[in-house]
Amino acid sequence: MSYIESIEVIKRDNELEIKTINFRKTFIEEYANLFNKGAINRFQDISVNGETIQVEVCASMTRKEVESHIKRLQVNYPIDYQEIKKEKYNDHQFCLKYTRENPFNEPLKLIPLINKKGINKVDSFGVIEVPVPPITYIYADKIEVQE
């Protein structure tokens, strides 16, 4: 793999164990750059009504990009979408006042919303919600339920 500089492996009882992986400096720098710009999806613990859950936070998008994304998903999946304004909590934190509109859904993904490409100011987040099982899939003229 072109992004790995070297790997140190130990053999123990006919099994190989990876001790160290050294990544190329340019790969680490580029990964850190993308991560810091929010271009890499990550999971974030959030508190919803006193319950902590993990939600995927994806790269920032414009509203137009999100609308297109949601329309494509809704063709085959019963998802819901809502936007939440970001509220300042203190100097380095913010709060999202989120309420599930459908009690049978749970949040799946947070999308930071930006006004235009290149402007990274995020004032609100989009939330994609999915139904909890059983999930209904819609295929053209038929509906299937997966348990």
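Residues numbered from 1 in each chain as written. Predicted model: local features only at pLDDT ≥ 70, side-chain atom pairs only at ≥ 80, totals over all residues. Heavy atoms only, no water.

S.K.: Could you give an account of the nonpolar core, with specific residues and numbers?
M.R.: Of all hydrophobic cores here, the largest spans 10 residues; its members are Ile-53, Val-55, Val-57, Ile-84, Tyr-98, Leu-110, Ile-114, Val-122, Phe-125 and Val-127. Sorting the residues of this core by element identifies strand 4 (51–57), strand 8 (105–114) and strand 9 (124–131) as the ones contributing at least two each. Examining the composition of this core, we find that 3 residues originate from one element, strand 4, more than from any other. Those residues in contact with Phe-125 that lie beyond four places of it in its chain are Gln-82, Glu-83, Ile-84, Lys-86, Phe-94, Leu-96, Leu-110, Ile-111, Pro-112 and Leu-113. (Core = buried A, V, L, I, M, F, W, Y, C linked by side-chain atoms within 4.5 Å. Buried < 20%, exposed > 50% of the residue type's maximum accessible area, 1.4 Å probe, protein only. Helix = DSSP H or I, 4+ residues; strand = E, 2+ residues; numbered from the N terminus. Contact = heavy atoms within 4.5 Å.)

S.K.: Lay out a nonpolar patch on the surface with the relevant residues and their values.
M.R.: A surface patch of nonpolar side chains, amounting to about 720 Å² of accessible area, comprises Tyr-3, Ile-7, Val-9, Leu-16, Ile-18, Ile-21, Phe-23 and Ile-28. Listed by contribution, the elements that provide at least two residues to the nonpolar patch are strand 1 (4–12) and strand 2 (15–23). The dominant element in the nonpolar patch, judged by the number of residues it contributes, is strand 2, at 4 residues. By the element assignment, Ile-7 lies in strand 1. (Patch = residues over 30% accessible without salt bridge, like charges linked within 9 Å, V, L, I, M, F, W, Y side chains within 5 Å. Areas by Shrake-Rupley, 256 points an atom, 1.4 Å probe, with all protein chains shown as cover. Salt bridge = Lys/Arg side-chain N within 4 Å of Asp/Glu carboxyl O.)

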